[in-house]
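Architecture and fold: a report
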Amino acid sequence: MTELVPVPQDLAARAHVDLPTYRRRYAESLRSADDFWAAEAAFLDWIRPFREVSDTNFDPADLRIRWFADGTLNASVNCIDRHLPAKADQPALLWEGDRPGESRTVTWAELADQVNRLANVLRGLGVAKGDVVTIYMPVIPEAIVAMMACVRIGAVHSVVFSGFSAEALADRIRDAGARVVITADEGLRGGRVVPLKRNADHAAAAAGGVAHLIVAARTGAAVPMTPGRDIRWGPALTAADPWCPPVEVGAEDPLFVLYTSGSTGRPKGLVHTTGGYLVQVGTSWRTIFDWHEGNVFWSTADIGWVTAHSYKIYGPLLNGATSVLFEGVPTFPDSSRWWSIIEKHRVAIFYTAPTAIRSLMREGEAPVRRHDLSSLRVLGSVGEPINPDAWHWLHRIVGGGRCPIVDTYWQTETGSVLLVPIPGPVANKPGAAGKPYFGIRPVVMDTAGRPVAGAGRGSLCFAGSWPAQARTILHDHDRFLRTYFSPFPGHFFTGDGVERDGLGYYRITGRIDDVLNVSGHRLGTVELESAIASHPAVAEAAVVGVPHPVKGQAIFAFVTLKADQPENEALKAAIVALVRERIGPIATPEALLWAPALPKNRAGKILRRMLARIAAGDYHDLGDTTTLADPEAVDEIIRRHRASQ
Ligand code: PRX
């Protein structure tokens, strides 16, 4: 049965888009895509207007993704300078620190000042157009200043999640060839100190090629500084000129690189370019959150993920919106922290992730009820499917039953939201990520690679390009072609399974490649397996996801040790510690089971699907075991798993 929750009348009456407009604009956006996007592009201030709107082709033999290619612009001017005449003294960022009571307001004028100064510091260090700068920072205003300073001079930012380890950071610095890294002395999360400068030092040493580290003061801790290499943010900015001329870049020049996990080994640096990304992110942000002047926006995403890039940083900045920036976690010092921030700043639009909602649901309604959340108008969800229980809790308890939930489906690769119930015209269907955004053509493919007509299940693909999509994987265009454009020629393949109902709503059924979604974070099984296998006692490992009530999926590792290695708890702990060191705490395995051997087919491929069933305690329907190279191994794994439960 289809349960639809209509958009409240008063919201629908004021929304940017009503139902007839949605239908008409969606139809137009497909029929005359170039006219549609050319009109959307008027949202930006261009230096040289574009003449050609698009040049695109999804055929892997001749892949072309070019939007507004002969136009030129500067991203920081669009995000900051153009708001100054009207808003210089208004808040751009409302920052809340990890500890309650620690907060800062950054006005548009202050943001501009800091960005210009840092841009000059970067220029002074020889950073030029096209150079990649790695940013490894906590969620503090300086992180946004850093991103904007890069793009002011046409440099390319590569933000690395501050929860990643020194090793993971080193890989990303090396891959990007960054000469300058911007970090902070320490980060604070949930009362715990994150040694960012120390990690950055290790990473710089491991990666090589880092000429300078710029270090912002967050906690003021005395961190060692390497003379000639390390630069303190405060004094450097004070000494810098407060005006830096913006550098004119082409629409197809890169804006940023962002790493994400894939189904094979190394993380991939997705490259996003300037014009198309800014057009689509800026216009879609205001539409999908139904932002109106004066609405305070808050996305809880960490700056290290695409959610923050597009819809916490670029979207609000491009629109001149005030947004909340929160450094901490929802449960510190207690589980009413988020609700007190919403109350304090009268947040109107709140964008978060199902995993956090599920963990807060466990604390009951009381922490929410103690706060006045009447300022909320629109709620958003992202990162994984939101289960109906969490949906209803968010809707009823947090949103007071009056706020639509925009369940936004998209990816690092897509740059902007592709499926969403736009508030106003599209009613909510709990658990479904709505309908296509303007210009977006979803295609459900069956196993034979044929499009499914009407209702049905299959692989989620998209036909036809959209301006904000990634253009390539840094240094690995072949992998880009192979991963996204070869599986279903003529289409972009997402790696997700999907179900479309009779009303045209899409429900994501989960990844169909070897990628896990743990608390909304993407982790490649191969990446995890190589971290485990790097332990000298380990012969081989296979990692699968198991359903988890809060995380969505948790990491379950099957590990085969080398001959003569003792299977004991100390070794388990050492392997888990190694994974945390190689990747970071988000990659911590929930469970680890010793396996005498891993089930493989005769071609030597590990049968992860079979292992996922076993990890979930489902020992039946294991598929065709006759193709197994070593059927006894499976019986033994089942026996051990049963014993461990
Ligand atoms: O599996 C889908 C899931 O997250 C993946 C993208 O991860 P990432 O690139 O890290 O970006 C996350 C935030 C945009 C997708 O392939 N995913 C993301 N949003 C949803 C989702 N699954 C279901 N519903 C969503 N709203």
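So, a few notes on the structure that sits alongside this text. (Residues numbered from 1 in each chain as written. Predicted model: local features only at pLDDT ≥ 70, side-chain atom pairs only at ≥ 80, totals over all residues. Heavy atoms only, no water.)

Considerations on the side chain of Glu-413
The test is simple: Each helix is a run of DSSP H or I of at least 4 residues and each strand a run of E of at least 2, with the numbering of both proceeding from the N terminus. Throughout this description, buried means an accessible area under 20% of the type-specific maximum (1.4 Å probe, protein chains only), exposed means over 50%, and partly exposed covers the range between. Polar contact is the term for a pair of N or O atoms within 3.5 Å; when the atoms are in protein, one must be able to donate a hydrogen and the other to accept it, and sequence-neighboring residues count only if both atoms are side-chain atoms. It only takes one pair of heavy atoms within 4.5 Å for two residues to be counted as in contact.
In this fold, Glu-413 is placed in the loop between β20 (405-408) and β21 (419-420). Taking the relative accessible area as the measure of exposure, Glu-413 reaches 2% and is therefore buried. A polar contact is formed between the side chain of Glu-413 and the side chain of Tyr-484, at a distance of 2.6 Å. Not counting the four nearest positions on each side in its chain, Glu-413 is found in contact with Thr-260, Lys-268, Leu-270, His-272, Gln-469, Ala-470, Tyr-484, Phe-492 and Arg-522.

Details of the nonpolar core
This is how the line gets drawn: Throughout this description, the term nonpolar core refers to a set of buried Ala, Val, Leu, Ile, Met, Phe, Trp, Tyr and Cys residues connected via side-chain atoms within 4.5 Å.
In terms of nonpolar packing, the biggest core is built from 165 residues, with Leu-118, Ile-182 and Tyr-314 touching the most fellow members. A per-element tally of this core places helix α7 (residues 141-152) first, with nine residues. Leaving out residues up to four positions away in the same chain, Leu-118 has contacts with Val-145, Ala-146, Ala-149, Ile-182, Ile-214, Trp-233 and Leu-237. Leu-360, Val-368, Trp-391 and Val-398 belong to the second largest nonpolar core, which has 28 residues in total.

Here's the deal with the sheet that holds strand β24 (residues 456-463)
Convention followed: Should DSSP find at least two bridges between two strands, the strands are regarded as paired. A fitted line through C-alpha atoms serves as each axis, taken over the contacting stretch for helices, and the angle formed by two N-to-C directions is quoted from 0 to 180°.
If you trace the four strands from one edge of the open sheet to the other, you get β23-β24-β26-β27, paired in antiparallel fashion. Each edge of the open sheet is held by one strand with a lone partner, namely β23 (441-445) and β27 (506-511). On average, each strand axis in the sheet is inclined to that of its neighbour by 45°, with strand direction left out of account.

Focus on the sheet that holds strand β12 (residues 230-232)
Spatially, eight strands are ordered β12-β11-β8-β6-β7-β14-β15-β25 in an open sheet, and the strand pairing comes out mixed. Of all the strands in the sheet, the pair left with one neighbour each is β12 and β25 (472-473). With four bridges connecting them, strand β6 (residues 132-136) and strand β7 (residues 156-159) associate as parallel partners. For Val-133, the partnering residue across the bridge sits in β7 and is His-157. The strands that helix α8 (residues 166-176) touches are β6, β8 (180-184) and β14 (254-260); relative to β6, the one it contacts most, it runs at about 165°.

Observations regarding the pattern of salt bridges
Stated formally: Between Lys or Arg on one side and Asp or Glu on the other, a salt bridge is scored when a side-chain nitrogen of the former is within 4 Å of a carboxyl oxygen of the latter.
For the structure shown, the criterion picks out 43 salt bridges. Two residues, Asp-372 and Arg-346, come together in a salt bridge whose shortest N-O distance is 3.3 Å. One end of the pair, Asp-372, is in the loop between α15 (366-369) and β19 (378-382); the other, Arg-346, is in the loop between α13 (337-345) and β18 (347-352), with 26 residues separating them in the sequence. Within the structure, one salt-bridge network assembled from shared partners comprises Arg-99, Glu-102, Arg-218 and Glu-327.

Description of the environment of Pro-589
Summarising the element assignment, Pro-589 is placed in the loop between α19 (569-582) and β32 (591-594). In this structure Pro-589 comes out as buried when scored by relative accessible area, which is 10%. Here the alpha-carbon distance between Pro-589 and Glu-293, two residues 296 residues apart in the chain, equals 44 Å. Not counting residues within four places of it along the chain, the set of residues in contact with Pro-589 comprises Ile-555, Val-576 and Val-579.

Describing the site of the ligand
Quick reminder of the rule: We call a residue near a molecule or strand as soon as one heavy atom of that residue lies within 4 Å of the molecule or strand. Note on areas: these come from Shrake-Rupley sampling with a 1.4 Å probe, and a residue is covered only by the protein chains present in the view. Any residue outside Ala, Val, Leu, Ile, Met, Phe, Trp, Tyr, Cys, Pro, Asp, Glu, Lys and Arg is labelled polar, Gly included; the first ten of those are nonpolar and the last four are charged.
Among the 17 residues in the neighbourhood of the ligand, the closest are listed as Asp-407, Thr-412, Asp-496, Arg-511 and Arg-522. In this structure, Thr-408 approaches the ligand through a main-chain N or O atom, which is 2.7 Å from a nitrogen atom. Thr-412 has a polar side-chain atom sitting 2.5 Å from an oxygen atom of the ligand. Taken by itself the ligand offers 540 Å² of open surface, and the protein chains cover 96% of this. At the level of elements, α12 (306-319), β20 and β27 are the ones that each hand at least two residues to the shell around the ligand. Taken together, the residues that form the shell around the ligand break down as six nonpolar, six polar and five charged.

Worth remembering: the numbers are spatial, not functional.
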